[in-house]
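Letter by letter, the chains look like this.
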Amino acid sequence: MEDEAKPIRQPQRRLNPHLQEVVRAEVLKLLHADQEKTIFTCPFGTYAYRRMPFGLCNVPATFQRCMLSIFSDMVERIMEVFMDDITIYGGTFEECLVNLEAVLNRCIEKDLVLNWEKCHFMAHQGIVLGHIISEKGIEVDNAKV
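Predicted, not measured: the structure shown is a model, and the values here were computed from it.

Asks: Whenever I open this one, the side chain of Ser69 confuses me. Can you help?
Replies: When you line up the elements, Ser69 lands in helix 2 (residues 59–70). A residue is classified by how much of its surface remains accessible, and Ser69, at 3% relative accessible area, is buried. A polar contact is formed between the side chain of Ser69 and the backbone oxygen of Cys66, at a distance of 2.8 Å.

In structure tokens, the structure reads:
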């Protein structure tokens, strides 16, 4: 920070899709600048992270902002995203397929990698953040009560 700079609190906002590359560059720059803070030494040598580790305090917020910026034009229209959980929805089966294709194309475009073992496609209901989501609405998961 600059000497005269004072921290301020700003509301969260979505980034313009054109700024996505700027966000990616900023994250890489921050990671590179803080890399020496995450270096560790063991009997086999000295190691540094090449990617942002999830043990640092600001990493989850940074990751969420990046995910929201990558999918900014799709969030609340065809999908919701929370950290690495993506929910894609639509009114009909065909609409879901079109929305799924758009999201998967964006993942390919931005080099996001999916764990196919954790993916569920065309489900009528699912558990999201401990709640059952279906066409009936949001219900409490009895297993969590």
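Asks: Looking at this structure, how should I read unusual backbone geometry?
Replies: Among all residues save glycine, negative phi is the norm, and among peptide bonds the norm is trans. In this model, Met83 sits at a positive phi of 55°, which is unusual for a non-glycine residue. Secondary-structure assignment places Met83 in the loop between strand 3 (79–82) and strand 4 (85–88). Residue class for Met83 comes out buried when judged on its relative accessible area of 17%. Phi angles above zero are rare outside glycine, and Met122 is one such case at about 55°. Along the chain, the position of Met122 falls in the loop between helix 3 (93–109) and strand 5 (125–128).

Asks: Is there a simple way to think about the nonpolar core in this case?
Replies: With 11 residues, the main nonpolar core is built from Met67, Leu68, Ile70, Phe71, Met74, Val75, Ile78, Met79, Val81, Val103 and Cys107. Looking at this core, the element that brings in the most residues is helix 2, giving three residues. Beyond its immediate sequence surroundings of up to four residues, Met79 is in contact with Phe71, Met74, Ile86, Thr87, Ile88, Tyr89 and Val103.

Thresholds, definitions, all that
Residues numbered from 1 in each chain as written. Predicted model: local features only at pLDDT ≥ 70, side-chain atom pairs only at ≥ 80, totals over all residues. Heavy atoms only, no water. Helix = DSSP H or I, 4+ residues; strand = E, 2+ residues; numbered from the N terminus. Buried < 20%, exposed > 50% of the residue type's maximum accessible area, 1.4 Å probe, protein only. Polar contact = N/O pair within 3.5 Å; in protein donor to acceptor, adjacent residues only side chain to side chain. Core = buried A, V, L, I, M, F, W, Y, C linked by side-chain atoms within 4.5 Å. Contact = heavy atoms within 4.5 Å.

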